[in-house]
Amino acid sequence: MSADTSLRILLAGVGGQGVLTGARVIGEAALAAGLPVRIGQLHGMSQRGGSVEATVVIGPGRTAFVGAGACDCLLALEPLEALRASARLKPGAQVWLNTATLVPATLGALGRPYPSLPQIEQALAARGARVHSLDASALAARAGAARAVSPVMLGVLVGAGRLPVSERQFEQAMRDFTPPRVLETTLRAWRLGIDASMQQSGKEAERA
Amino acid sequence: MNAQAPGRQDPLLAEAGRTLLYLGNEAVVRGALEAGVRFACGYPGTPSSEITDSFARLAQRTGVAFEYSVNEKIALEMAFAASLAGARSIVAMKHLGLTYAGDPLTTIPYIGVNAGMVIVSAADPSCRTSPNEQDQRYLGPFVHMPVIEPAGAQQALEMTRAAFQLSEQCRLPVLLRPTTRVCHTRAPVTVGELRPGAVAGFTRDPRRYIPMPANAVRMRAELEQRMAAAEAATRSPLFRDARGEGRVGVLAFGAAAAVCEDVLSELGARVRLLWLGVAHPLPQDWLLEQLRGLDELWVIEELSPSSRMPSPPCATATAWAPASAASAAASCPPCSSTSRRCCCGPWRRWLRARFPRRSPPGRRSRRARPCCAPSVRTGRRSLPRARRWAKRHCFFNDIGCYTLGCGQPLESGDALLSMGAGFTLAAGAARVTGQKTVGFMGDSTFFHSGMPALLNAIKEDVNMVAVILDNDVTAMTGFQESPLVEVSDGCITRRADIVEVVRALGARHVERVDPEDLSRAITVFREAWQRPGLSVIVSEHPCPVFAQRAGAHPGKRTVFAIDTERCKHCGRESCGQRCSQGIARGYERAMVRARAQESGAQGPVPPVAACASACPLFLCVQGYSAHIAAGRYADALELIMDGLPLPDAVCRVCHRPCEDVCVRAQTDAPVAINDLKRFVVEWADRQPEFPHRATREPDHGRSVAVVGAGPAGLAAAHELRVRGYRVRLLDAAAEPGGLLRYGIPAYRLPREALARDVRRVLELGIQFEGGRRLGRDFSIDELLEGHDAVVLAIGAGKPLRAKVPGKGPVQLDALSFLRDEGQRLQGPAVVVGGGNSAVDAARSALRRGASQVSIVCLEARDAMPAIAGEIHEAELEGVSLRTSSRLVRLTPEGVDVVGVRALKPGASSPSDYADVEGATCQLPAAHLLWAIGQIPDPEALDHAPGLRWQDARLQVDTQTGQTAMPRVFAAGDLAPGEQTVTGAIALGRRAAWGLDRSLRGDVADKRMPPPHPAKRKVTGRPGVLRADCARRAAPPERAAAERTGDFGETTGVLTEQQARLEAQRCTICGNCGNCNACIELFGCPAFVQEGAAVRIDPAVCTGCGVCAHFCPTGAIHAVSIEEGP
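All of these numbers come straight from a predicted model, not from anything done at the bench.

1. A few points about the overall build of chain B
And then number 1: In terms of regular secondary structure, chain B is built from 41 helices and 41 strands.
And then number 2: Taking all 1125 residues of chain B together, the buried fraction comes to 58%.
And then number 3: Carbon and sulfur atoms make up 52% of the accessible area of chain B, which amounts to about 44,300 Å² in all.

See below:
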């Protein structure tokens, strides 16, 4: 039994944002690259509007389980969902945070405030995570479909070079697992994500 | 998930040897196909649904006979029958379903199977989608059948394939028990050969197939032999395995074992893992053998400690080896999934040294999915009514998508038990309490087990309303067909309808309604409620989510859209400015919304109220009025100070264009808007801590110099500081305030009030330098060297005078007179001009010793630019007015004045007036005060030749305030625009935004300045008058005779009671700027905020209609859209 080398990715979002498909595409790309991979998805009651999360574990092992303090990469499609997942972050984990919020019905109805973005970013940073915030929803809208938040975030992940999968392999997986009707916009959104990620890392490098 | 493109090969039919990512559920299906299964059936239920769904999809292509059975009992019997008839069969359901099928289940092993029969019963540890987490491994010893547990997708395939063989070897059904984690984990699976199965046919053998007592006793004895055969058939590594080396052992089953293996591997622990894929019968000999090499054994289990059950097959505690193992195992908590709990108790203590500590995840607000409006069948606009109902009556809900109606906002459930129990619970409660009850049930549940329940209620004629919600499909689990409806390729074919079924059962009062036909639905419900005995209501409407996903109407799709006329989003798109106050902030927001909606019922509402459109600062007057009416002054203050950095000054000196356009004036008198503002500001000043603090962007290092600390300069400095700039504020005068300090007398604006405003601005971290004159002490170029940009707001310092022949009184400029507070006058004074400075100068002259004061101006009385109230006060104090007049000559005694008439409406320059012959008179004057306006002093800017001038003002970009020098911006009287205090503040904010935009780009647009006056449209239409409509409140005024003796403030503040009544006079004639309920109450990803407007993205909308349900203004409605190929 050897030390752990797996890459544990957690995708957290809201039903309808494309969390499950996103996880599937990462998984298929990894499989195509010949890597051991597992995808876990939590759904059921969490249809549209409910919390949805999916995990992708690339590396040897049997489960797709990402427990407390085990997550290497968090793709948060919604800020509150990022907060919900914060306990799972490994110190030094990378978080890509879509800053566009979707306020849960229960929160509004109970009159409780939605935590502010800086609060959420701080909470994530307090876990030792490196937070990269961006408005993926705006990029998705720019690509032509607000629904394409997930492809944007996938692009960000690919652009950040965090996956052991080449861009070409990933693109093939996108092509294989996206319905042809939305393929063009999905790929456009994905590329915008890659660009945003490149720009962001450029800026961060500059600042450093 | 069927994400593959159509036309591609179905991944479940991939050729042997390929490796694909399968869900655990898909692997089960593939395993069955590789075993040559001939019959598949089941009832959908999370987490098992993908099994039946996959079979439904593949049935035709594989030749496997498939059905969604009416319920699990029937499914189990069907699969058994298939097995008896010699076809390998599989039946799938969730854990609850198998206990529902308990009757046949307990007898099937007695009879035994022919062809292999596999029962898949998916477990749900942690109750993710179930009301309980029953441990079905107990069923193994209970009914005598093997129970096997796959740990992952590959094993799910192999175990399913092997299970058919196992079943045939021991002639028992085999229970395959994947858990949610296995069902819904996608992992690489290498597939084997697909095998067509055969059907052997049924052979008569009553001794074998009829468990009458005599036969049953014999069968019971045979069961033991069969279980022994099962034990022998599960000796392969597929069902048990030992991995790793160590003196410490861990024993775990199925999915729990997989988690253990990963955890131990992560830790690099030297542990021997005993992996069991079979929960019953336990391989006793193998276990004993394994235990020999161990000092300690940990048993890790999900749910309950089934492996330690004392009888019949399990070893005794001593045989389990070291005592520590038994005690350790006993202390594992008997609940929930391994992933969460495996690190509990002694196990955790044992691992703690190697496991880093984690704090438990914090509690977060749940993000529950609200119920579809149509699925609740109450119609969209009936929410309030439904809620009132829900409060008064007992609702018994059932299992299905409508269960979500138990949550907010409908709260339409008081109890929930099991499939079909909606009617039985309602009936039982009605029978003992004598009160009428309501039971809900969906179509699929009705056929599953609701029919007997309804029959039971019909038999007793129970006093209840039974509501059957028929949306064609089994929506909760993924739109499967139901007994009366066939679903194929997304098309629905109905065989019969529920009303006929219910009538056939014997119900006398049966009504059919479409919930979209709200008025009829309400009538039917009311009648049912009032009628004694049982009434059945069948509420029919197709599931809109399904209709949309399946494309029920090819090429067309129903989505929801927002009617912009009715939507009460902020109507301020032109500027993108929104107040930051959320809907949850208080009921007064709801009041604004409700009243805006009320007035909307009378016709289209202007997006922005007239007052706000007229306000240079675009303040949301109706918003803060509503706050004041509700007594929430802090919120009112926030709305005011969001756009107005100098509230203490403006609430006293504003020229109140808002009141000029107030639609309330059409009824009686305009709302006393400025007095309301003053009330709030004074309230805030009295609080121990000022309730508003500007939220500031973090410093980004850029710095700006603002020249001039008048209203425009202060506003620009404030705005830039808020935007994260380092700001240096310079002024020629010693103290900041500019015109506010030196041009407005203290009886109107007490110095303390101004000081409060200035202090609040400077407290943000603005560096003020007084006594520094531009052009004398420093130049623009010097400033540009040390700063990123410069804002010029030096005002108009050069007074104008008209040329009048003759010699006479001492001539003074009103502004310098006002500035020099020590200057006294003697004898009569004449003030020339019709603006506020003229009135101020006249009233100050009275206070500074003038025996009598006259104002001479060209304008007629009602055209004077000065504030009407101020003119009135001046007259009260004794100032005499000579309006429509001009000076013609100065004489030693005073001035000669001639009457004039305007040559055109809206006359503004002296040439627009003509003298009226003979209308001359003389006014005595020792002093002549000029107050006909002032222009910027070009001398101060002589040193900057880069600046351009136009019409005596600096030439600037009217949008951004940028001058001809790119890094220099101008605001206030220096720039063209409205020359009022409020107008200057607006220009200051605009220049700050323009500057920010030029330095930081689009980021600046997060905070927009008030919209450009050219883009405004002031539309007044009557709003809603309140029944208790009060008269306009007037603040207290000091008596005229008393106040001319000093410079004490003349006008007081409204009392709290007055203010609240006055605030209620607002008719809320504009759209409320801040509904946002759809965004804030319902987090649907289809909602897109564009500027201030909200839109539904049709590509994302599923047509579920929940939003229409939430929308407080009824602005969301269904539309049909064309869909491309």
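2. Looking at the overall build of chain A
And then number 1: Along its length, chain A carries 8 helices and 6 strands.
And then number 2: When the helices and strands of chain A are placed in sequence order, the string is β-α-β-β-β-α-β-α-α-β-α-α-α-α.
And then number 3: Within the span of chain A, comprising 208 residues, buried residues form 60% of the whole.
And then number 4: Within the structure as shown, chain A displays about 7,700 Å² of accessible surface, and the carbon and sulfur contribution to it stands at 52%.

3. Description of the packing of helix α7 (residues 167-176) of chain A against helix α8 (residues 180-207) of chain A
Residues and elements named next belong to chain A.
And then number 1: Where α7 meets α8, the axes come as close as 10 Å, and the angle between the chain directions of the two elements is 150°. The angle between the axes of α7 and α8 places the two elements in the roughly antiparallel class. Pair α7 / α8 crosses with right-handed handedness. When α7 is examined against α8, the residues E167, F170, E171, M174 and R175 are found in contact with a partner set consisting of L183, T186, L187, W190, R191 and I194.

4. Details of the packing of aromatic side chains
All names here are of chain B.
And then number 1: Applying the stated rule across the entire model yields 9 aromatic pairs over all chains.
And then number 2: Taken together, a centroid distance of 6.0 Å and an interplanar angle of 45° make the contact between Y747 and F1047 tilted. Of the two residues, Y747 sits in the loop between α31 (739-742) and α32 (751-762) while F1047 sits in the loop between α38 (1040-1043) and α39 (1056-1063), which places them 300 residues apart along the sequence.
And then number 3: Against the face of Y747 rests R847, its NZ or CZ located 3.8 Å from the ring centre.

5. Some details on the nonpolar core
Residues and elements named next belong to chain B.
And then number 1: If you look at the biggest cluster of nonpolar residues, it comprises 72 residues, and the most contacted ones within it are Y624, I628, L720 and L740.
And then number 2: At 8 residues, the largest contribution of residues to this core is made by helix α37 (residues 981-1000).
And then number 3: Core analysis: the next-biggest nonpolar cluster, separate from the first, contains 49 residues, F396, F423, V524 and L534 among them.

6. Some points on the packing of helix α7 (residues 153-170) of chain B against helix α10 (residues 213-233) of chain B
When two helices pack together, their arrangement is captured by the angle between the axes and the distance separating the axes.
Residue and element names in this part refer to chain B.
And then number 1: In contact at an axis separation of 8 Å, α7 and α10 are set at 145° when each is read in the N-to-C sense. For the pair α7 and α10, the crossing hand works out as right-handed. Of the residues in α10, those in contact with L166, Q169 and C170 of α7 are R226, A229, A230 and A233.
And then number 2: Classifying every residue of the contact of α7 with α10 gives 5 nonpolar, 1 polar and 1 charged.

7. Quick notes on the confidence of the model for chain A
And then number 1: Mean pLDDT over chain A works out to 84, with 88% of the residues at or above the 70 mark.
And then number 2: Of all helices and strands in chain A, the one with the weakest mean pLDDT is helix α3 (residues 105-110) of chain A (50), whereas strand β4 (residues 71-76) of chain A scores best (94).

8. Let's talk about the confidence of the model for chain B
Residues and elements named next belong to chain B.
And then number 1: For chain B, mean pLDDT is 81; residues scoring 70 or higher make up 82% of the total.
And then number 2: Within the model, pLDDT remains below 50 along residues 373-385, and this stretch shows 42 contacts once partners closer than five positions in the same chain are excluded.
And then number 3: Segment residues 571-578: pLDDT under 50, and 27 contacts once partners within four positions in sequence are set aside and those in other chains are kept.

9. Regarding the sheet that holds strand β25 (residues 789-792) of chain B
All names here are of chain B.
And then number 1: Overall, parallel pairing links the 5 strands, which are arranged β24-β23-β22-β25-β38 in an open sheet. A strand with exactly one partner marks an edge of an open sheet, and here the two such strands are β24 (767-769) and β38 (968-970). Taken pair by pair, the neighbouring strands of this sheet meet at an average axis angle of 20°, ignoring direction.
And then number 2: Here strand β23 (residues 726-730) pairs with β24 via 3 bridges, running parallel. Within β24, the residue paired with R728 across the bridge is Q767.

10. Looking at the environment of A626 of chain B
Residue and element names in this part refer to chain B.
And then number 1: Position of A626 relative to the elements: it lies in helix α25 (residues 621-630).
And then number 2: According to the relative accessible area criterion, A626 is buried, its value standing at 4%.
And then number 3: Once the C-alpha coordinates of A626 and R1060 are considered, the two residues, 434 residues apart in sequence, prove to be 8.9 Å apart.

11. Thoughts on the sheet that holds strand β13 (residues 296-300) of chain B
Residues and elements named next belong to chain B.
And then number 1: Strand order in the open sheet formed by 4 strands is β9-β11-β10-β13, with mixed pairing between adjacent strands. Edge positions in the sheet fall to β9 (240-243) and β13, since each of these pairs with one other strand and no more. If you compare each strand with its neighbour and ignore which way they point, the axes differ by 15° on average.
And then number 2: The pairing of β9 with strand β11 (residues 272-276) spans 4 bridges and is classified as antiparallel. Looking at the pairing, R240 lines up with L276 of β11.
And then number 3: Its contacts with the sheet put helix α12 (residues 284-291) on β9, β10 (248-253), β11 and β13, and the angle it makes with β11 is roughly 175°.

12. With respect to the pattern of salt bridges
Residues and elements named next belong to chain B.
And then number 1: For the structure on display, the rule yields 74 salt bridges over all chains.
And then number 2: The residue E26 makes a salt bridge to R186 at a minimum N-O spacing of 3.3 Å. Separated by 160 residues along the polypeptide, E26 in helix α1 (residues 24-34) and R186 in strand β8 (residues 185-190) bring together distant segments of the chain. Accessibility classification places E26 together with R186 in one group, the buried group.
And then number 3: One salt bridge in this structure joins R723 and E719, with 3.0 Å as the shortest N-O distance.
And then number 4: Overlapping salt bridges bring together D648, R652, R678, E682, D685, R756, D757, R760 and E1049 as one network.

13. Some details on unusual backbone geometry
Residues and elements named next belong to chain B.
And then number 1: In this structure, P47 follows T46 across a cis peptide bond, with omega equal to 5°.
And then number 2: Assignment of secondary structure puts P47 in the loop between β2 (39-42) and α2 (49-62).
And then number 3: Here the amide bond leading from H280 into P281 is cis, since omega sits at -5°, within 30 degrees of zero.
And then number 4: Relative to the helices and strands, P281 resides in the loop between β12 (278-280) and α12.
And then number 5: Phi at F618 is positive, roughly 60°, even though this residue is not glycine.
And then number 6: Phi at R656 is positive, roughly 55°, even though this residue is not glycine.
And then number 7: One can find R656 in the loop between α27 (647-653) and α28 (657-661).
And then number 8: Given the relative accessible area of 19%, R656 is considered buried.

14. Remarks on helix α6 (residues 149-159) of chain A
Residue and element names in this part refer to chain A.
And then number 1: The element α6 is largely enclosed, with a buried count of 11 among its 11 residues.
And then number 2: Among the residues making up α6, those that are buried are V149, S150, P151, V152, M153, L154, G155, V156, L157, V158 and G159.
And then number 3: Note on α6: the residue one or two positions beyond its end, G161, has a positive phi of about 70°.

15. A look at the state of the cysteines
And then number 1: What the rule picks out here adds up to 0 disulfides over all chains.
And then number 2: Here C658 of chain B stays free of any disulfide, with the sulfur of C654 of chain B as its closest cysteine sulfur at 5.8 Å.

16. Topic: the pairing of β25 of chain B
All names here are of chain B.
And then number 1: Side chains A789 and V791 of β25 all project onto a buried face; the interleaved residues V790 and L792 project onto the opposite face, where all are buried too.
And then number 2: Note: strand β22 (residues 703-707) against β25, 4 bridges, orientation parallel. Note on β25: the bridge partner recorded for A705 is V790.
And then number 3: Where β25 meets β38, 3 bridges bridge the pair, whose relative direction is parallel. If you follow V791 over to β38, its bridge partner there is F969.

17. Quick notes on the side chain of D973 of chain B
Residues and elements named next belong to chain B.
And then number 1: Looking at where D973 falls in the secondary structure, it is placed in the loop between β38 and α37.
And then number 2: For the buried residue D973, which engages in no salt bridge, the nearest side chain bearing the opposite charge is R953, 5.0 Å off.
And then number 3: Ignoring sequence-local partners within four residues, the contact set of D973 consists of G795, A796, P936, R953 and Q979.

18. Some words on the environment of D72 of chain A
Residues and elements named next belong to chain A.
And then number 1: Here D72 lies in strand β4.
And then number 2: The buried category is assigned to D72, whose relative accessible area is 9%.
And then number 3: Each C-alpha atom, one on D72 and one on A129, is 9.1 Å from the other, the two residues being 57 residues apart in sequence.
And then number 4: Beyond its immediate stretch of four places on either side in the chain, D72 contacts S6, L7, R8, K90, A93, Q94 and R162.
And then number 5: One polar contact links the side chain of D72 to the main-chain amide nitrogen of R8, over a distance of 2.7 Å.
And then number 6: Only 2.9 Å separates the side chain of D72 from the side chain of K90, close enough to count as a polar contact.

Thresholds applied
Residues numbered from 1 in each chain as written. Chains lettered and ligands numbered in written order. Predicted model: local features only at pLDDT ≥ 70, side-chain atom pairs only at ≥ 80, totals over all residues. Heavy atoms only, no water. Helix = DSSP H or I, 4+ residues; strand = E, 2+ residues; numbered from the N terminus. Buried < 20%, exposed > 50% of the residue type's maximum accessible area, 1.4 Å probe, protein only. Areas by Shrake-Rupley, 256 points an atom, 1.4 Å probe, with all protein chains shown as cover. Axes fitted to C-alpha atoms, helices over the stretch in contact; angles between N-to-C directions. Parallel < 35°, antiparallel > 145°, perpendicular 65-115°, else oblique. Left-handed = near helix turned anticlockwise from the far one by under 90°. Contact = heavy atoms within 4.5 Å. Phe/Tyr/Trp six-rings, centres within 6.5 Å; stacked < 30°, edge-to-face > 60°. Lys NZ or Arg CZ within 6 Å of the ring centre and 35° of its normal. Core = buried A, V, L, I, M, F, W, Y, C linked by side-chain atoms within 4.5 Å. Nonpolar A, V, L, I, M, F, W, Y, C, P; charged D, E, K, R; others polar. pLDDT = per-residue confidence, 0-100. Pairing = 2+ DSSP bridges. Salt bridge = Lys/Arg side-chain N within 4 Å of Asp/Glu carboxyl O. Disulfide = S-S within 2.5 Å. Lys, Arg positive; Asp, Glu negative; His and termini not counted. Polar contact = N/O pair within 3.5 Å; in protein donor to acceptor, adjacent residues only side chain to side chain.

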